Each structure stands twice: as C-alpha cells, then as structure tokens.
Amino acid sequence: MTSPRVTVLMSVFNGQRYLREAIDSILAQTFNDFELLIIDDASTDDSRAILNSYNDARIRVITNETNRGLTASLNAGLALANGELIARHDADDRSRPTRLAEQVAFLDEHPDVAVVGTQAVVIDENGRRRRALDTVRPVSPAAIRFALMTISPMVHGSVMFRRAVIRDELHGYDETFPTSQDVELWSRVAAKHPMQNLTRTLIDFRVHATSVTSTRYTRENVLRVEEVLRRGVIAMTGDVALANEWAPLWVALVNHAVIDEPEQPERAVTIVDALRRKFLEREPDARRDRGVASTYGMVQLIIASYLARRNRGAAGGAAARAMSAAPSAAFRALPRLAAAVALPRAAYARVRAYAAKRKSPAAMLTPNIPPPAVMPLDREAWRREIHLSNFVNSAYQYRDLQSLGADVRKILIIGPGQGLDTHVLRWLDYEVTTFDIDATFNPDQVGSVHQMTMFGDKQFDAVVASHVLEHLAVPYLDTAIAELARVARFALVYLPVAGRHMQFRFVPGVRGLDFTLQLDLFNWFEKPDGVTPRYAGGQHFWELGLRGWRVGDVSRRLAAKFEILHSYRNRDWTPSHNFVLKTR
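Residues numbered from 1 in each chain as written. Predicted model: local features only at pLDDT ≥ 70, side-chain atom pairs only at ≥ 80, totals over all residues. Heavy atoms only, no water.

**Here's the deal with the nonpolar core**
Counting residues in each nonpolar core, the largest one holds 62 residues, and the members touching the most others are Val115, Ile166, Trp186, Val189, Trp246 and Ile303. Sorting elements by how many residues they give to this core places helix α9 (residues 240-254) first, with nine residues. If sequence neighbours within four positions are ignored, Val115 has contacts with Met154, Val159, Met160, Phe161, Ile166, Trp186, Val189, Pro194, Met195 and Gln196. Met452, Val468, Trp549 and Phe579 belong to the second-largest nonpolar core, a separate cluster that totals 35 residues. (Core = buried A, V, L, I, M, F, W, Y, C linked by side-chain atoms within 4.5 Å. Buried < 20%, exposed > 50% of the residue type's maximum accessible area, 1.4 Å probe, protein only. Helix = DSSP H or I, 4+ residues; strand = E, 2+ residues; numbered from the N terminus. Contact = heavy atoms within 4.5 Å.)

**Section: the confidence of the model for the protein**
The share of residues in the protein with pLDDT of 70 or more is 86%, and the mean pLDDT across the chain is 84. Mean pLDDT in the protein bottoms out at helix α15 (residues 362-365), which sits at 33, and peaks at strand β4 (residues 85-88), which reaches 97. Across residues 212-216 the pLDDT falls below 50, and counting only partners more than four positions away or on other chains, this stretch makes ten contacts in the model. Ignoring residues within four places in sequence, the model shows residues 356-367, a span with pLDDT below 50, making 23 contacts including any to other chains. (pLDDT = per-residue confidence, 0-100.)

**Describing the sheet that holds strand β12 (residues 445-446)**
The mixed open sheet is built from seven strands, whose spatial order is β12-β11-β10-β13-β14-β18-β17. The outermost strands of the open sheet, each flanked by one partner alone, are β12 and β17 (562-569). Along the sheet, helix α17 (residues 388-403) contacts β10 (410-414), β13 (460-466), β14 (488-496), β17 and β18 (576-583); its crossing angle with β14, the most-contacted strand, is approximately 150 degrees. Packed onto the sheet, helix α18 (residues 420-427) meets β10 and β11 (431-436) and runs at close to 165 degrees relative to β11. (Pairing = 2+ DSSP bridges. Axes fitted to C-alpha atoms, helices over the stretch in contact; angles between N-to-C directions.)

**Quick look at helix α11 (residues 290-307)**
Taking 1.5 Å per residue, 18 residues should reach 26 Å; α11 reaches 25 Å between its end C-alpha atoms and fits that length. Most of α11 is tucked away, with 13 of its 18 residues classed as buried. (Expected span 1.5 Å × (residues − 1).)

**Here's the deal with the pattern of salt bridges**
For the structure on display, the rule yields 31 salt bridges. For Lys192, the salt bridge identified is with Glu169, shortest N-O distance 3.9 Å. Placement of Lys192 in the loop between α7 (181-190) and β9 (195-206) and of Glu169 in helix α6 (residues 163-169) is noted, with a sequence separation of 23 residues between them. Owing to a relative accessible area of 31%, Glu169 belongs among the partly exposed residues under this scheme. Glu184 is the salt-bridge partner of Arg231, the closest N and O atoms lying 3.9 Å from each other. Separated by 47 residues along the polypeptide, Arg231 in helix α8 (residues 219-237) and Glu184 in helix α7 bring together distant segments of the chain. Taking the relative accessible area as the measure of exposure, Glu184 reaches 4% and is therefore buried. If you follow the salt bridges from partner to partner, you end up with Glu21, Arg94, Arg96, Asp204 and Arg206 in one network. (Salt bridge = Lys/Arg side-chain N within 4 Å of Asp/Glu carboxyl O.)

**Some details on the environment of Thr237**
Along the polypeptide, Thr237 turns up in helix α8. In the structure, Thr237 is positioned 40 residues away from Arg277 in sequence and 9.0 Å away in space, judged by C-alpha atoms. Non-local contacts of Thr237, meaning those with residues more than four positions away in its chain, are made with Met149, Leu275, Lys278, Phe279 and Arg282. From its side chain, Thr237 meets the backbone oxygen of Val233 in a polar contact 2.7 Å long. A distance of 3.2 Å separates a polar atom in the side chain of Thr237 from the backbone nitrogen of Asp239. (Polar contact = N/O pair within 3.5 Å; in protein donor to acceptor, adjacent residues only side chain to side chain.)

**Quick look at the packing of α9 against helix α10 (residues 267-282)**
Axis separation between α9 and α10 bottoms out at 11 Å; the angle between their running directions is 130 degrees. Judged by the angle between their axes, α9 and α10 are oblique. In this structure, α9 crosses over α10, and the sense of that crossing is left-handed. Between α9 and α10, the contacting residues are Leu242, Glu245, Trp246, Leu249 and Leu253 on the first element and Arg267, Ala268, Ile271, Val272, Ala274, Leu275 and Lys278 on the second. Its residues assigned to classes, the contact of α9 with α10 shows nine nonpolar, no polar and three charged. (Parallel < 35°, antiparallel > 145°, perpendicular 65-115°, else oblique. Left-handed = near helix turned anticlockwise from the far one by under 90°. Nonpolar A, V, L, I, M, F, W, Y, C, P; charged D, E, K, R; others polar.)

**Topic: the side chain of Arg230**
Within the fold, Arg230 resides in helix α8. We classify Arg230 as buried; its relative accessible area is 16%. Among residues more than four places away in sequence, those in contact with Arg230 are Ala243, Asn244, Ala247 and Pro248.

**Here we look at helix α19 (residues 477-487)**
Taken across its eleven residues, α19 has ten buried, putting it largely inside the fold. Inspection of α19 places Leu477, Thr479, Ala480, Ile481, Ala482, Glu483, Leu484, Ala485, Arg486 and Val487 among the buried residues, and these make up the whole buried set.

**Re unusual backbone geometry**
When glycine is set aside, most residues are seen to have a negative phi, and most peptide bonds are trans. With phi around 50 degrees, Asn14 is a residue other than glycine that occupies positive phi space. Overall, Asn14 belongs to the partly exposed group, its relative accessible area being 32%. Positive phi values are uncommon outside glycine, yet Ala536 reaches one of about 55 degrees. For Ala536, the location among the structural elements is in the loop between β16 (515-521) and α20 (551-559). The exposure class of Ala536 is partly exposed, given its relative accessible area of 41%.

**As for empty space enclosed by the protein**
Inspection of every chain in the model, using the stated rule, returns four cavities of 30 Å³ or more. Space inside the largest cavity adds up to approximately 70 Å³. Looking at the largest cavity, the residues that line it are Arg20, Asp46, Ala49, Ile50, Ser53, His450, Gln451, Thr453, Thr479, Glu483 and Arg486. Of all the secondary-structure elements, those providing two or more residues to the lining of the largest cavity are α2 (47-52) and α19. Residues belonging to the lining of the largest cavity are distributed by class as follows: two nonpolar, five polar and four charged. (1 Å grid on protein atoms, 1.4 Å probe; cavity = no way out; pocket = protein on both sides within 12 Å on 5 of 7 lines; lining within 4 Å. Points joined across faces, edges and corners; volume = space filled by probe spheres on them.)

Given below as structure tokens:
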C-alpha cells in the first residue's frame, strides 16, 4: 500500500463542540493524497462517538488509554505518521479548502524550507470572523528568526513540516513543555533550517473559553519560555548580557498576570531597539525586510499598551517607534492607546470591560455548557393539552414532505410533542419512527438529536425536527445538524421566531392569492449567548430574529450540511420559520 504524501496530525481532548467542523474542513481539501491521523487523548465527552461516526478510509484514530496532554499526544502521532509531510491541525480550527495544496506546492518548490505556516484570522465559537490575528506572521526566514526573540512566528495549527526534519532529526516536541511546545520547537528548527509563512490566510483560528489561547499559562510554563527566549536572543545577536536582561523583562511584561511585573518596564523600549540593531548587524540583507520592521513595530505596540497606564512618556516613545515601523497596525491601535493614556483609571477599566463583552460572546466566557436534557416543564400536563399549533405544524409537515417526491416514505420524527403529526403521517401511509430525549410521549427510540448513533447512515428518507434544535445549547448545534444530515436524505427543520408578531393578511376570493405582511417586534440589540435558556419560559437557548441569530446566520449554518430547497415563514402560525433541506 502506497503511503500518503501528507499526514494531517490532530490531537483532541473533549473537543466535541468543534471536532466535526475541524474534520470536515480537512476532508473538503482540494489536495486528496493525505491521511488524517487523530489522537484521542482519552476524551470523556462525545468526541469518540463523533470520530466513530465517520466512514472515510483517510481517517485513522488512535486512542490514548489515559490523558497524556497535547505535547505527548503530538509526539505519539509523529511516531505513527506515514506521510513525508506532516500538517498540524487543531481540533477547534478550520482549514480553508486549498490549504494543503498550497503548502505542498510551496515545499516542493523550496526543498530547503523545513516548515511552512500560513496567516490566520480569529473566529468565535459560532464560526464568525472576529478579527485578523493581533500580528501578521512574518513571511521570510530572516523575519521569522527575528520574531523568535519576541513573539511566536507561526500559528501552530497552520504549519506543515518535513517529517525527516521534525521527527527524525529533531525528535519531535519537548515533552517538558505542556504549553508553548511549538515555540520551543521552532527555536531548534531555526538554528538549522529555514522556515517561512505564506502570505495567504488559510486557517480560521478559533478562540473560545476552553482554548489554550484564552487561558492563563502557569508560572512554571512561563519561566520555561523565558529560557527558550534567552537562548534565541543569544543565537540571533550573540549578546549574552542583552539576552539575560531582555528575556525576563519581556516574559514578565506579557505575562504579568502570572508572574511579578517587571521593575523597569520602560527599559523594554530601548532594548528592542538594541535587538533589532544587533540582529541587522549580523544579517544586513534583512534591513529591507518588511517582516522584520513589522514585527519590531508590533512589539513596540505591545510595550506601549503596557506602559500607557504606568509611564506615559515611555509609552509615547514606543508608540512613535511603532508608527514609524508598522503604521497600519499603529493606527488601528491608536484609539485604545489614547483611551489608556487620557481616561481616568476607573473609566478606562469600564471601557475595557465593555469592549471585551462586545468582542467576546458570553458563550466564550461561560465554560459550563448545559448538556442536552429534558425540558423543565410539566410534561404530563403538556401531554394532556392540545394546541392549534400542532394541527398547523402537521399540515405543513405533510405538505413539505409531499414536495420531496413520492419516494419519500420512511420518516424519522424528532421530538413528537403530543404526537399529532405522528398519527397524521401514519394515517397517510408514511413509515414513521419517533425519537425523543425521554420516554414521556412513548417514542420508539430515546436519545438526544446531537448523538443518534442508534440509526444508520441514510436510514430514513426524511427527518423532521419541528421546534427541536432551539432546545439545545449552541455548542451542540453543529453536531446535531450533522446528525440530521447523516441519518436522512432530506430534512424538515422548523424553528421559533423571537418576539411579538403582527400579521396583516388579505386573502381575496381568487385561488392561490394570499397577500401577507408580517411584523416582528423583538429587541434587536439583545445578543443571546446560546448557553442560557432565557426564552419560552426557560425552554429555548436561542430563537430566530435576535441579533446573531438572524435567518441568514442560521441558513449559513445549515448550508454546511444541506442544500436549502425552501426557506419560508409559516403564514398560519407566525412564530415559526421553516426550512426544507436536502443532504449534501
């Protein structure tokens, strides 16, 4: 059997929330000669079930008996990799479709380069773009070497490297580094081999509450990085005294929440000048390298931001240097720096808190995600009642199923409610299976829509999820949508619309004419966090119409797995928006 050209290496620990999206982004690559090697680091959530749901010969899953951590898991993957090139991929990120193709082509054209990364943008837990990374990653080998004295020069989840260099020559990652293992590795690679970044953005880098990027490093981890930084400065400048002063100062400046703040932080402004001067003395060809200037400017911006509340004169000097070296980045940071310098401390704290709230959805700040559960209502009382909405929904379900063709006869109904739709469809000779999260309404199968492993792939012609998905916290939503697409060829997904609804309807006595105007009154400025059941008396985590949950937003989410055949507002029951879907 011929070995694949590329091994995509991924490690996952309790990553159910984004795992399927990450895997799908690799399977959708335009370059096909790869294996996807996934190390399941003893996950305790539904990650294993998601991995088992794939039937693709390119996927290979290895399960650790105990949780070993990211660094050890990556080394285990390196030992098992068959590809001559290895592409890293994190279990919560997304790769653009041409990522592997572009990196393979680059490494083929540059046989001396050992590692190639890409640019990235930050996305939130819903997959929406938030911003470009705080700094553009340097492109040239010289700029990457300069960056190793200050910031991480590469986005770890974006890199592709040669197995012969990283595994065979350098023996992989240093397992004494539970975090920042990539920075330590790059310092060893750069000492012997060129590294580069592509100028194109080929990774969506997800930041959320449980990602390493969103958590504080421990004091021990930070001090390990300090030693790596010290070695890098010595290697790039040859100045031991400069390295001994810069490494602890810079590490304390950017990690002051973990270790003590530096005594003379203003020294950083001139030390960075010395670093650049000595580096360019050793590599004069890099004087015109925009990557070196840009990295220098970004570091001065970080220093200016830190000094703004502590030493305004030194902050101004750092900002002026940044403006000269990286003007576009400096202009973007100018309002923040001006606020830090001009506002009183209490007012500045309020501005920062408000900006953080606007930039980070509450779900990113709320690690306790409620699992799928029975709705908190008196289900027996609900069972004894009857509602007009049940009749309307049953009629619309039958109409939409008919539109799918006469060969659609085998139906899965999720959340059958009082069961009226079930009785109607069975009466009309459909073969109906019911599925609900508990046994109150006597379903044929009990379970949650995000994990329907009891059903086979395309076991049904159509699946009906009428007012079901809103009962799931958002982190489970993409997995639930993927399960709907897996078990059936078509799907009907009906969702609630938020707010109060007004309808003006004119139905003349002419067959087929129905003029309707609907007006929804809801708080457009409200932004649901997707993990707090605040709607429908605590039954719904989100509804359509609210900011961040517009019909277009949900349509794009559904479109990842379905072709949207029809999307319409229910004229006979205004709180419902209906989707008729065909599995891709």
